[in-house]
Amino acid sequence: MPKRVEKLSLLSEMIAFAKADKNLKRIEYNFLLSIAKQLDVSRADFDYLIEHPINYVNLKSHSERIVQFHRLVLLMHIDEERTNEEIGKIHNYGLRMGLSHESISRVLYLMDGFPNMMVPAEVLIDIFKVQYN
């Protein structure tokens, strides 16, 4: 499990991604709040991050980076809208986290084949396992 500063960084990154269109929708807020609860981050700290982002802290664990990428993919589709800008941003987030270009591209390509464009966690993990080995 990530340390507190890593958890806050993860949430801050996700909030920035959700606000990329200058509008944090209610469904995105609720999704992010549920992630905050999973990470044991208080609502006060979460709400503070919305207005006061913190610097990105790179996760050390490859599996934690995959989980964070999956969260971003879920967040991208929570409002049932997907723009080319969001796809570019999520691709760049994945690269910055040290995930392979091939795996990221494969996930983004395969999204269209799943209901609601939600790639199941086990499929996502399998994609990254192939590239990691």
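Residues numbered from 1 in each chain as written. Predicted model: local features only at pLDDT ≥ 70, side-chain atom pairs only at ≥ 80, totals over all residues. Heavy atoms only, no water.

Q: Would you mind showing me how to read the overall build of the chain here?
A: Regarding its fold elements, the chain presents seven helices and zero strands. What you see in the chain, going N to C, is helices and strands ordered as α-α-α-α-α-α-α. On C-alpha atoms alone, the chain measures out to a radius of gyration of 14 Å, which is about the 14 Å that the 2.2 N^0.38 rule sets for 133 residues. Projecting the C-alpha coordinates of the chain onto the three principal axes gives extents of approximately 40 × 30 × 20 Å. The 133 residues of the chain split such that 44% are buried. Of the contacts made within the chain by residues no fewer than 6 positions apart, 71% connect residues no fewer than 24 positions apart. When the accessible area of the chain is evaluated, it comes to approximately 7400 Å², of which 54% is carbon and sulfur surface. (Helix = DSSP H or I, 4+ residues; strand = E, 2+ residues; numbered from the N terminus. Rg over C-alpha atoms; globule rule 2.2 N^0.38 Å. Buried < 20%, exposed > 50% of the residue type's maximum accessible area, 1.4 Å probe, protein only. Contact = heavy atoms within 4.5 Å. Areas by Shrake-Rupley, 256 points an atom, 1.4 Å probe, with all protein chains shown as cover.)

Q: Looking at this structure, I do not really get helix α1 (residues 4-18). What am I missing?
A: Three- or four-residue spacings in an α-helix give side chains the same orientation, since the helix completes a turn every 3.6 residues. Relative to the 21 Å expected for 15 residues at 1.5 Å per residue, α1 spans 21 Å between its end C-alpha atoms, a close match to the ideal helical length. Turning to α1, its buried residues are E6, K7, L8, S9, L10, L11, S12, E13, M14, I15, F17 and A18. (Expected span 1.5 Å × (residues − 1).)

Q: Help me understand helix α6 (residues 101-110), please; the structure alone is not making it clear to me.
A: Burial in α6 covers these residues: S103, I104, V107 and L108. Angularly, the buried residues of α6 cover 130° about the axis, an arc narrow enough to put them on a single face. (Arc of directions from axis to C-beta.)

Q: Can you walk me through the environment of L75 in this structure?
A: As for its position among the elements, L75 is in helix α4 (residues 62-78). On the accessibility criterion, L75 (2% relative accessible area) is buried. When the C-alpha atoms of L75 and L108 are compared, they prove to be 13 Å apart, with 33 residues separating the residues in sequence.

Q: Before we go on, may I ask you to explain unusual backbone geometry in this structure?
A: Peptide bonds are mostly trans, and most non-glycine residues show a negative phi. Backbone geometry at D40 places phi at a positive 60°, although glycine is not the residue there. Using a relative accessible area of 63% as the deciding quantity, one classes D40 as exposed.

Q: What should I look at first to understand the packing of aromatic side chains in this one?
A: Under the definition given, this model contains three aromatic pairs. Ring centres of F17 and Y93 lie 5.7 Å apart, and the angle between their planes is 65°; this geometry places the pair in the edge-to-face category. Highlighted residues: F17 in helix α1 and Y93 in helix α5 (residues 84-96), separated in sequence by 76 residues. Across the pair, Y93 and F17 agree in class, each one buried. In this structure, R96 is placed above the aromatic ring of Y56, and the distance from its NZ or CZ to the ring centre is 3.8 Å. (Phe/Tyr/Trp six-rings, centres within 6.5 Å; stacked < 30°, edge-to-face > 60°. Lys NZ or Arg CZ within 6 Å of the ring centre and 35° of its normal.)

Q: I tried to follow the environment of K19 on my own but got confused; where do I start?
A: With respect to the secondary-structure elements, K19 resides in the loop between α1 and α2 (26-38). For K19, a relative accessible area of 30% translates into the label partly exposed. K19 sits 10 residues away from Y29 along the chain, and the two C-alpha atoms are 9.9 Å apart. Once you skip the residues sitting within four places of it in the chain, K19 turns out to touch L24 and I50.

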